[in-house]
Amino acid sequence: MTELQIIQMNEYELSAAQRSQILALLKDCFPGYFEERHFFKQMSQQRLLAYADGTLVGQLGLEHRAIRVGDQCASIFGVVDLCVREAERQQGVATALMRSVEQTAKAHDIDFCLLFADEHDLYRKLGYTHTKNNCIWLGIDEGQSIGLIERPVTDCMLVKRISGEIPWDESHTIDLLGHLF
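Computed from a predicted structure; not experimentally measured.

Caption draft 1: Geometry of the overall build of the chain. Secondary structure assignment for the chain yields 3 helices and 8 strands. Counting from the amino terminus, the chain carries its helices and strands in the arrangement β-α-β-β-β-α-β-α-β-β-β. On C-alpha atoms alone, the chain measures out to a radius of gyration of 16 Å, which is about the 16 Å that the 2.2 N^0.38 rule sets for 181 residues. Seen along its three principal axes, the alpha-carbon backbone of the chain occupies a region of about 45 × 35 × 30 Å. Burial analysis of the chain (181 residues in total) assigns 45% to the buried set. Within the chain, contacts between residues separated by at least 24 positions form 68% of all contacts whose residues are at least 6 apart in sequence. With an accessible surface of roughly 9,500 Å², the chain has 46% of that area assigned to carbon and sulfur atoms. Counting 17 positive and 26 negative side-chain charges, the chain places the averaged centre of each group 2 Å from the other.

Caption draft 2: Geometry of the pattern of salt bridges. Evaluated as defined, the whole model comprises 5 salt bridges. For Glu11, the salt bridge is made with Arg47, and the minimal N-O distance between the two is 2.8 Å. Taken as a pair, Glu11 in the loop between strand 1 (4-10) and helix 1 (16-29) and Arg47 in strand 2 (residues 46-52) lie far apart in primary sequence, 36 residues in all. The buried category is assigned to Arg47, whose relative accessible area is 1%. With a shortest N-O distance of 2.7 Å, Arg85 and Glu88 are connected by a salt bridge. Here Arg85 falls in the partly exposed class, since its relative accessible area comes to 33%. Glu88 sits in the buried class, given a relative accessible area of 11%.

Caption draft 3: Spatial organisation of helix 2 (residues 93-107). Its 15 residues place the ends of helix 2 21 Å apart at the C-alpha level, agreeing with the 21 Å of an ideal helix rising 1.5 Å per residue. Looking only at helix 2, the buried set comprises Val93, Ala94, Leu97, Met98, Ser100, Val101, Glu102 and Ala105. Following helix 2 by one or two positions, Asp109 adopts a phi angle in the positive range, close to 55 degrees.

Caption draft 4: Inspection of the nonpolar core at higher detail. In this structure, Leu60, Met98, Val101, Leu115, Tyr123 and Tyr128 are the most contacted members of the largest nonpolar core, which totals 25 residues. By residue number, the principal contributor to this core is helix 2, which donates 6 residues. Setting aside anything within four residues of it in sequence, one finds Leu60 in contact with Gln46, Arg47, Leu48, Val79, Val80, Asp81, Leu82, Leu97, Met98 and Val101. Counting 19 residues, the second largest nonpolar core, distinct from the first, contains Ile67, Trp137, Met157 and Ile174.

Caption draft 5: Summary view of helix 1. Its 14 residues place the ends of helix 1 20 Å apart at the C-alpha level, agreeing with the 20 Å of an ideal helix rising 1.5 Å per residue. Of all the positions in helix 1, only Gln18, Ile22, Leu23, Leu25, Leu26 and Cys29 are classed as buried. Each buried residue of helix 1 sits inside an arc of 165 degrees when the element is viewed along its axis, so together they form one side. Summarising the geometry of helix 1, the exposed residues directed more than 90 degrees from the buried face are Ala16 and Asp28.

Caption draft 6: The arrangement of the packing of aromatic side chains in detail. Taken as a whole, this structure holds 3 aromatic pairs when the rule is applied. Consider the rings of Phe116 and Phe181, whose centres lie 5.4 Å apart with planes at 70 degrees: the pair is edge-to-face. Within this pair, whereas Phe116 is found in strand 5 (residues 112-116), its partner Phe181 is found in the segment after strand 8 (173-179), the two being separated by 65 residues in sequence. Residue Phe116 is classed as buried on the basis of its relative accessible area of 16%. The exposure class assigned to Phe181 is buried, which follows from its relative accessible area of 11%. With a centroid separation of 6.1 Å and 75 degrees between ring planes, the pair formed by Tyr123 and Tyr128 is classed as edge-to-face. In this pair, the class of Tyr123 matches that of Tyr128, namely buried.

Rules of the game
- Residues numbered from 1 in each chain as written.
- Predicted model: local features only at pLDDT ≥ 70, side-chain atom pairs only at ≥ 80, totals over all residues.
- Heavy atoms only, no water.
- Helix = DSSP H or I, 4+ residues; strand = E, 2+ residues; numbered from the N terminus.
- Rg over C-alpha atoms; globule rule 2.2 N^0.38 Å.
- Buried < 20%, exposed > 50% of the residue type's maximum accessible area, 1.4 Å probe, protein only.
- Contact = heavy atoms within 4.5 Å.
- Areas by Shrake-Rupley, 256 points an atom, 1.4 Å probe, with all protein chains shown as cover.
- Lys, Arg positive; Asp, Glu negative; His and termini not counted.
- Charge placed at Lys NZ, Arg CZ, Asp CG, Glu CD.
- Salt bridge = Lys/Arg side-chain N within 4 Å of Asp/Glu carboxyl O.
- Expected span 1.5 Å × (residues − 1).
- Core = buried A, V, L, I, M, F, W, Y, C linked by side-chain atoms within 4.5 Å.
- Arc of directions from axis to C-beta.
- Phe/Tyr/Trp six-rings, centres within 6.5 Å; stacked < 30°, edge-to-face > 60°.

Everything listed here is a matter of coordinates, which is why it stays silent on function.
Next up, the structure:
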């Protein structure tokens, strides 16, 4: 693989061609989840796109929002749908995308990076902690709000402190103040 180029863009700035490329990548990496649109539940605010030789080889969605950690308000980056084309896996693409997110977070005093993933190995290597908190979020199904959901999330939530002093432990309820990303 040649040199990797990472571009960070607002979601609304994506061209039709970029949306199509993202959708194709998502469909390959997450079969059965992305059939018609380049997002699962809700559009991300931004995308990080990784290109090699002009070809999209990896991407992630990025959410910036406030959440409640116990009784305190925290600023987070939520990482959404990180994926890398199969031919470029194990070559540092996902790590480069995550490091780019963390560098931006650190430069802007973001408290935590947070994500939900079935596979934890990459994230643990990058210093993320698997956590089991009670969470509150807005449920979205098939493009419609279905109400507030509150339940423990025990199998897929990972967090990394970037800055600040807000404590995070599993006794805190995490209110996502929006949808689950």
